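Architecture and fold: a report
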Amino acid sequence: MNVKINTEVLELFIYYWQATADREKVSDIFLTELAARKELKVLFNEDFTQDSIRKVLSSITNREILSEKTKTEGRFWNNNMWMLEDLGITMGMLTPIKKLNGEQFNAYVNKDITINFIPGHIKTFYVEGNQLYINFFKLSTDFGTGEVEIEGKNLEDFIKEILLANK
């Protein structure tokens, strides 16, 4: 069995956050393509769609008020604004993820699995088929130790628990 770590969407968001923090204009084409990424489809429901992602990110990069929004869109807006407050914190959250090795989780699965880190809205994680999606916004970093936690657990232990529960 093989476990793969996928941070592609997260890296696109890092670019977005950095460009927005630097007051660069992020193109609507980039936002539309980002919102269309298959890894983000797990977030969609009646209150949150592909267009919700594009609309929220566009309002932030254009420094416009997000006037008409659902509760879920509002949460997504707040989470993205939080990332922009201190990119050092954001990068501190990303570094331990980049150090993860899928092989360290192979013993906890009985099928091929991809662990996707995505900026989400409400839920901490989603499991769909052979895909595990972890909401990047739910991570917290202990800057003294550099450890990343999620729901009060070490990130690696959290992932192991989910994998074992869905084996």
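Treat the numbers as computed from the prediction; the structure is a model and nothing was measured.

**Side note on the sheet that holds strand β1 (residues 3-6)**
Taken together, the four strands give an open sheet; going across it, the order is β1-β2-β4-β3, and neighbouring strands pair in mixed fashion. Of all strands in the sheet, those with a lone pairing partner are β1 and β3 (125-128), marking the two edges. The average angle at which neighbouring strand axes cross in this sheet is 15°, direction not considered. By the bridge criterion, five bridges tie strand β2 (residues 113-118) to strand β4 (residues 131-135) in an arrangement that is parallel. Residue pairing in the sheet places Asn116 in a bridge with Tyr133 of β4. In the packing of helix α6 (residues 155-165) onto the sheet, contacts are made with β2, β3 and β4, and the angle to β2 comes to roughly 130°.

**Looking at unusual backbone geometry**
Positive phi values are uncommon outside glycine, yet Arg23 reaches one of about 60°. Mapped onto the elements, Arg23 comes out in the loop between α1 (8-21) and α2 (28-35). Backbone geometry at Glu151 places phi at a positive 50°, although glycine is not the residue there.

**Regarding the environment of Tyr133**
Topologically, Tyr133 is positioned in strand β4. Taking relative accessible area as the criterion, Tyr133 reaches 7% and is therefore assigned buried. Other than its neighbours up to four places away in sequence, Tyr133 contacts Glu39, Val42, Asn116, Ile118, Thr124, Phe125, Tyr126 and Glu128.

**A short note on the pattern of salt bridges**
In the structure shown here, the tally under the stated rule is eight salt bridges. A salt bridge links Lys38 to Glu39, with the nearest nitrogen and oxygen atoms 3.8 Å apart. For Lys38, a relative accessible area of 61% puts it in the exposed group. Judged by relative accessible area, which is 3%, Glu39 ranks as buried. Linking Arg54 and Asp51 is a salt bridge whose minimum nitrogen-to-oxygen distance equals 2.9 Å. Of this pair, Arg54 and Asp51 both sit in helix α3 (residues 50-61), three residues apart, roughly one helical turn. What makes Arg54 partly exposed here is its relative accessible area of 27%. The class of Asp51 is partly exposed, set by a relative accessible area of 41%.

So, how was this worked out
- Residues numbered from 1 in each chain as written.
- Predicted model: local features only at pLDDT ≥ 70, side-chain atom pairs only at ≥ 80, totals over all residues.
- Heavy atoms only, no water.
- Pairing = 2+ DSSP bridges.
- Helix = DSSP H or I, 4+ residues; strand = E, 2+ residues; numbered from the N terminus.
- Axes fitted to C-alpha atoms, helices over the stretch in contact; angles between N-to-C directions.
- Contact = heavy atoms within 4.5 Å.
- Buried < 20%, exposed > 50% of the residue type's maximum accessible area, 1.4 Å probe, protein only.
- Salt bridge = Lys/Arg side-chain N within 4 Å of Asp/Glu carboxyl O.

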